[in-house]
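A look at the structure
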Amino acid sequence: MNERPAPLPSLSRIRVFLLDDHEIVRRGVRDLLDAEPDIEVVGEAGTMDQALARGPAVRPDVALLDVRLPDGDGITVCRELRSLMPGLACLVLTSFDDDDALLDAIMAGAAGYVLKDLKGADLVAAVRTVASGRSILDPATTTRLMSSLRGDENAGAEPGSLLELSPREHEILGLIGEGLTNREIGGRLYLSEKTVKNHISRLLAKLGVERRVQAAVLATQAAGPEAGHFHASPPGASPRGPGPRRS
């Protein structure tokens, strides 16, 4: 009796969820990503309510989110989806070069923020980068934002050195970059909330900034270019391997 051979295991793909209020944009991005052998679009939505209802059901690795929506914004969706799926990597994709939106995205725990005028190959690279557990930001936007946050008239002014931070401060800075609160950082590192607060105060002073979001952006900026136009995650973060990140 002849036995049928066992099927070969399928290639593990990066599962992507799309949110954009323009159907033609969603179709174009879907076609672009589905053409890649390691990426699969598993769901899409055109409104915030649809995204919050459909996103958790398909368990994506990456959520590609438009900022401006008819019933809300993609940054709120990022925050809500990550509260349900902490392992989700959110990539904010927008037509607007908006510093406030970038700050909000960082604080919501977004892994990246890119503009819609980037090339298709760069968008694919961005999806793979955030799926692997790293962070990306448009470098020109990050440089301008840091100058604005620091109140520098000279955009080329050098920030405080990350080399001055202790290993523990580097570790905490990486978690700040992930959008964690002081309490969440304490739980992750088995430290009291007061101890975390003290560490953050010291690292902010060493970096010459006043707000924690400034430190997170500074760390991303100082990490150096990776994958062409993108920046790697802050020191202290633990980059994953090439496979998709899972919750």
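**Considerations on the overall build of the chain**
Across its full length, the chain carries 10 helices and 10 strands. Sorting the 247 residues of the chain into buried and exposed places 47% on the buried side. Pairs at least 24 apart in sequence give 68% of the contacts found in the chain among residues at least 6 apart. Here the chain has roughly 12,500 Å² of accessible surface; of this, 51% comes from carbon and sulfur atoms.

**Structural notes on the side chain of Thr129**
Structurally, the position occupied by Thr129 is in helix α5 (residues 120-131). The exposure class assigned to Thr129 is buried, which follows from its relative accessible area of 6%. A distance of 2.8 Å separates a polar side-chain atom of Thr129 from the backbone oxygen of Ala125.

**Observations concerning the pairing of strand β6 (residues 89-94)**
Most of β6 sits inside the fold, with six of its six residues counted as buried. Here β6 shows two buried faces, one formed by Ala89, Leu91 and Leu93 and the other by Cys90, Val92 and Thr94. Of the strand pairs in this sheet, strand β3 (residues 62-66) and β6 are connected by five bridges, and their pairing is parallel. Following the sheet pairing, Leu65 is matched in β6 by Val92. Both β6 and strand β7 (residues 112-115) contribute to a ladder of four bridges, which runs parallel. Opposite Leu91, over in β7, you have Gly112 as the bridge partner.

**With respect to the nonpolar core**
One recurring pattern in soluble globular proteins is that nonpolar side chains are buried together. Val77, Ile185, Leu203 and Leu207 are the most contacted members of the largest nonpolar core, which totals 47 residues. Once residues within four sequence positions are removed from consideration, Leu203 is found in contact with Leu165, Glu169, Ile172, Leu173 and Ala215. The next biggest cluster of nonpolar side chains, apart from the first, holds 21 residues, and it includes Val29, Ile39, Val41 and Leu123.

**Points about the packing of helix α7 (residues 167-177) against helix α9 (residues 193-207)**
Running from N to C, α7 and α9 point in directions that differ by 95 degrees, and their axes come no closer than 10 Å. Classed by the angle they form, the pair α7 and α9 counts as roughly perpendicular. Together, Arg168, Glu169, Ile172, Leu173 and Ile176 of α7 and His199, Ile200, Arg202, Leu203, Lys206 and Leu207 of α9 make up the contact between the two elements. Looking at the contact of α7 with α9 residue by residue, the class counts come to six nonpolar, one polar and four charged.

**What about the packing of helix α1 (residues 23-34) against α5?**
At a minimum axis separation of 10 Å, α1 and α5 run at an interaxial angle of 70 degrees. Relative to α5, the element α1 is oriented roughly perpendicular. Considering the relative orientation of α1 and α5, their crossing is right-handed. Residue-level inspection shows Val29, Leu32 and Leu33 of α1 in contact with α5, the latter providing Gly120, Leu123, Val124 and Val127. Its residues assigned to classes, the contact of α1 with α5 shows six nonpolar, one polar and no charged.

The rules we used
- Residues numbered from 1 in each chain as written.
- Predicted model: local features only at pLDDT ≥ 70, side-chain atom pairs only at ≥ 80, totals over all residues.
- Heavy atoms only, no water.
- Helix = DSSP H or I, 4+ residues; strand = E, 2+ residues; numbered from the N terminus.
- Buried < 20%, exposed > 50% of the residue type's maximum accessible area, 1.4 Å probe, protein only.
- Contact = heavy atoms within 4.5 Å.
- Areas by Shrake-Rupley, 256 points an atom, 1.4 Å probe, with all protein chains shown as cover.
- Polar contact = N/O pair within 3.5 Å; in protein donor to acceptor, adjacent residues only side chain to side chain.
- Pairing = 2+ DSSP bridges.
- Core = buried A, V, L, I, M, F, W, Y, C linked by side-chain atoms within 4.5 Å.
- Axes fitted to C-alpha atoms, helices over the stretch in contact; angles between N-to-C directions.
- Parallel < 35°, antiparallel > 145°, perpendicular 65-115°, else oblique.
- Nonpolar A, V, L, I, M, F, W, Y, C, P; charged D, E, K, R; others polar.
- Left-handed = near helix turned anticlockwise from the far one by under 90°.

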